[in-house]
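Chain residues, written in single-letter form:
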Amino acid sequence: MDAGIYLKASELAHSIAESKEGLRFREAETAVREDSVARNLAQRWHKVYNRVSALLAEGDDLPEADARAVEFIEAKVENHPLMLEYIDAHKAFSELLSNVDGVLSAAFNFDMDAADDTVCGGCPGQNTADGAGDGAALE
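Fair warning: this is a prediction, and the values are worked out from it, not measured in the lab.

About the thresholds
Residues numbered from 1 in each chain as written. Predicted model: local features only at pLDDT ≥ 70, side-chain atom pairs only at ≥ 80, totals over all residues. Heavy atoms only, no water. Helix = DSSP H or I, 4+ residues; strand = E, 2+ residues; numbered from the N terminus. Buried < 20%, exposed > 50% of the residue type's maximum accessible area, 1.4 Å probe, protein only. Contact = heavy atoms within 4.5 Å. Salt bridge = Lys/Arg side-chain N within 4 Å of Asp/Glu carboxyl O. Phe/Tyr/Trp six-rings, centres within 6.5 Å; stacked < 30°, edge-to-face > 60°.

*Asks:* Help me get a handle on the overall build of the protein chain, residues and values and all.
*Replies:* The helix and strand inventory of the protein chain stands at five helices and zero strands. Listing each helix as α and each strand as β along the protein chain from the N terminus yields α-α-α-α-α. Across the 139 residues that make up the protein chain, the buried fraction comes to 17%. Counting contacts in the protein chain only where the partners sit at least 6 residues apart, residues at least 24 apart contribute 54% of the total.

*Asks:* Describe the pattern of salt bridges, and please don't skip the residues or the numbers.
*Replies:* What the rule picks out here adds up to five salt bridges. The residue R24 makes a salt bridge to E85 at a minimum N-O spacing of 2.7 Å. Taken together, the residues R24 in helix 2 (residues 20-34) and E85 in helix 5 (residues 81-106) connect sequence positions 61 residues apart. Of the charged contacts in the structure, one is a salt bridge between R33 and E29, with a shortest N-O distance of 3.6 Å. Taken together, the positions of R33 and E29, both in helix 2 and four residues apart, correspond to about one turn of that helix. E29 sits in the partly exposed class, given a relative accessible area of 31%. Each of the salt bridges in this network shares a partner with another, and the network as a whole consists of R24, E85 and D88.

*Asks:* Explain the packing of aromatic side chains residue by residue, including any values.
*Replies:* For the coordinates displayed, the defined rule picks out three aromatic pairs. Considering the side-chain rings of F25 and Y86, the 5.5 Å spacing of their centres and the 35° angle between planes classify their relative orientation as tilted. In this pair, F25 is assigned in helix 2 and Y86 in helix 5, connecting sequence segments 61 residues apart. Classification of Y86 by relative accessible area gives partly exposed; the value is 24%. Between W45 and Y49, the aromatic rings sit 5.2 Å apart at their centres with planes inclined by 15°, giving stacked as the arrangement. Remark: Y49 and W45 occur in helix 3 (residues 36-57); sequence separation between them is four residues, near one turn of the helix. Residue classification places W45 among the partly exposed residues on the basis of a relative accessible area of 36%. Among the aromatic residues, ring-to-ring pairing joins F25, Y86 and F93 into one connected group.

All we've got here are geometric facts, nothing functional implied.
Right, here's the structure in full:
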């Protein structure tokens with residue numbers, strides 16, 4: 001990998017890790033790991049999720065017992081504040097990563113009009129009909 005690209009990627013990784021979404025996600029993950037009930041619940045959810053995913057990937061129908069296990073674990077997760085915060089923080093962090101991916105992908109997918117200096121059609125705030133985004137998504 002080109003050293004310049006590597007340095008920019010490292011800088012981007014650091015910025016993402018230190019973003020409000022990155023910090024919130026890391027804090028939520030730590031809170032789940034340090035709480036025995038939440039940790040156990042996360043492990044159980046992961047086990048059920050893997051089983052269900054394997055069954056569905058094989059094209060099998062979900063047995064009633066597994067469907068009940070999914071409902072049970074979802075109810076437990078929905079009633080645990082640390083798990084809810086973890087899920088919400090994960091969602092926000094995933095959206096951040098998706099936005100970054102969109103910006104990177106847009107670098108290869110733009111049409112640059114000679115009269116238009118806008119080259120960031122995939123950037124947040126650049127998706128309005130007139131191309132004049134408000135930049136609010138960059139906060």
